[in-house]
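# Topology and contacts: notes
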Amino acid sequence: MVISVAPRVERLASSGIEVIPQEYVRPQEELTSIGNVFEEEKKEEGPRVPTIDLKGINSEDPVEREKCKEELKKAAVGWGVMHLVNHGIPDELIERVKKAGETFFDLPIEEKEKYANDQATGKIQGYGSKLANNACGQLEWEDYFFHLVYPEDRRDLSIWPKTPTDYKEATSEYARQLRGLATTILSALSLGLGLEEGRLEKEVGGMEELLLQLKINYYPRCPQPELALGVEAHTDVSALTFILHNMVPGLQLFYEGKWVTAKCVPNSIIMHIGDTIEILSNGKYKSILHRGLVNKEKVRISWAVFCEPPKEKIILQPLPETVSEEEPPRYPPRTFVQHIEHKLFRRTQDLHSNRISK
């Protein structure tokens, strides 16, 4: 298969085109459900992504603590995605992270190209756009910047943006604080399965091996947003994913057979349960199918941090405590990299299924 280098979507979007190239047009069966994201976000009726207030998660009051953990568990079981508020990461630090990412993407494309990745040679970190390497040659309406941010001794700082100067410091501090939040969440999720508090953290690699990968997604304005997607429908392979955004709506979740648009909740971090935790919990916690819409009026930017287990070292399979005669294991044992390969294989086998196989 020939892998072509995709043009930068930002360049395409600013060229004045009124009709998007065919490779960005979604298949017919997807188009029926793509609406105006601003109207979708305003809807008051229908299900809503839960908001979890973490203020009580480390409370001295056991009743308060239990209540918070129970709500987190309920959201992980019912939705697999939630808005976290009072998460403990200072608003000022989050604003610095966003400002740094926005400043980088404001640079001329030629400047950003100095950080270009090269997927053909396996250099996946850096500035990029999706390559047309799937079976139908479909492209997504986004450019991105991708790099590992934690553990600190695994980073390649040579590919981190030099502009703005605050990028490294703000992003590094955010990654450190997010790693602490991941431990807090994994502890609560472990207890929710009746496991010891540190169990899920250990199963996904612990402090040394759990990798935090940051992907800044840049979705330019799109002249025909009803025909395109910023990110196609998928579930995250990670253990957990934490997302910031610039308060422009776009995230949709496939919940109870319908696409639900996430509201923009101020000072929140969106958190997804990924496939890794779904597998370890034997499906008790959900990794929800989701996608990203684009629009005509506003650039959307999101900062997704994927917390991923090591590729080969750990076998992902339902933990013995989550399995019984009534609930046999729903997933075969695989390494993380085998799970990713399995998903890609299933994706090319059945591109147009409504549910992406795990």
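These figures come from a predicted structure and were not determined experimentally.

Using the residue numbers shown here, the UniProt feature "domain: Fe2OG dioxygenase" (unreviewed entry) corresponds to residues 210–309. Along residues 210–309 the backbone is 6% helical and 45% strand, and the end-to-end C-alpha distance reaches 5 Å.

Glancing now at the nonpolar core. Ranked by internal contacts, the top residues of the largest apolar core, which has 67 residues, are Leu84, Tyr174, Ile185, Leu240 and Phe242. If one sorts the elements of this core by residue count, helix α7 (residues 167–192) sits on top with 11 residues. In this structure, Val49, Leu251, Leu253 and Ile270 belong to the second largest nonpolar core, which totals 13 residues.

Pairing within the open sheet is mixed, and its 8 strands lie in the order β1-β2-β10-β7-β12-β5-β4-β3. Each edge of the open sheet carries a strand with a single partner, namely β1 (51–53) and β3 (126–129). Taking the axes of each pair of neighbouring strands and ignoring which way they run, one obtains an average angle of 25° across the sheet. The sheet strands contacting helix α5 (residues 91–106) are β3, β4 (143–150), β5 (211–219), β7 (240–245), β10 (269–273) and β12 (300–308), and the helix crosses β12 at an angle near 115°. Packed onto the sheet, α7 meets β2 (81–85), β4, β5, β7, β10 and β12 and runs at close to 135° relative to β7.

Another aspect to go through is the sheet that holds strand β6 (residues 231–234). Spatially, 4 strands are ordered β6-β11-β8-β9 in an open sheet, and the strand pairing comes out antiparallel. Two strands in the sheet have a free side with no partner beyond their single neighbour: β6 and β9 (258–261). Direction aside, neighbouring strands of the sheet carry axes that sit 20° apart on average. When strand β8 (residues 251–255) meets strand β11 (residues 290–292), the two strands line up antiparallel, connected through 3 bridges. Bridge pairing links Leu253 to His290 in β11.

Summed over the entire model, instances satisfying the criterion amount to 25 salt bridges. Between Glu152 and Arg176 there is a salt bridge whose closest N-O contact spans 2.3 Å. Of this pair, Glu152 sits in the loop between β4 and α7 while Arg176 sits in helix α7, and the two are 24 residues apart along the sequence. Residue Arg176 is classed as partly exposed on the basis of its relative accessible area of 37%. Salt bridges sharing common partners tie together Arg26, Glu30, Lys130, Glu140 and Glu232.

How each quantity is defined
- Here the residue index of a chain counts from 1 through its sequence in written order.
- Where local features are concerned, this predicted model is filtered to residues with pLDDT of at least 70; where side-chain atom pairs are given and counted, the filter is 80 or more; whole-chain, interface and lining totals use all residues.
- Side-chain numbers here rest on the full set of heavy atoms in the structure, without hydrogens or water.
- UniProt positions are given in the numbering used here, feature names are shortened, and annotations may be inferred rather than shown by experiment.
- Numbering goes from the N terminus for both helices and strands, where a helix is a DSSP run of H or I of at least four residues and a strand is a run of E of at least two.
- What we call a nonpolar core is a set of buried Ala, Val, Leu, Ile, Met, Phe, Trp, Tyr and Cys residues that are connected through their side-chain atoms within 4.5 Å.
- Only protein chains enter the accessibility calculation, which uses a 1.4 Å probe; a residue is then buried when its area is under 20% of its type maximum, exposed when over 50%, and partly exposed in between.
- For two strands to count as paired, DSSP must find a minimum of two bridges between them.
- The convention used is that axes are lines fitted to C-alpha atoms, helices contributing only their stretch in contact, and that angles between N-to-C directions extend from 0 to 180 degrees.
- Whether two residues are in contact is decided by their heavy atoms: any pair within 4.5 Å suffices.
- Definition used for salt bridges: Asp or Glu carboxyl oxygen within 4 Å of a side-chain nitrogen of Lys or Arg.

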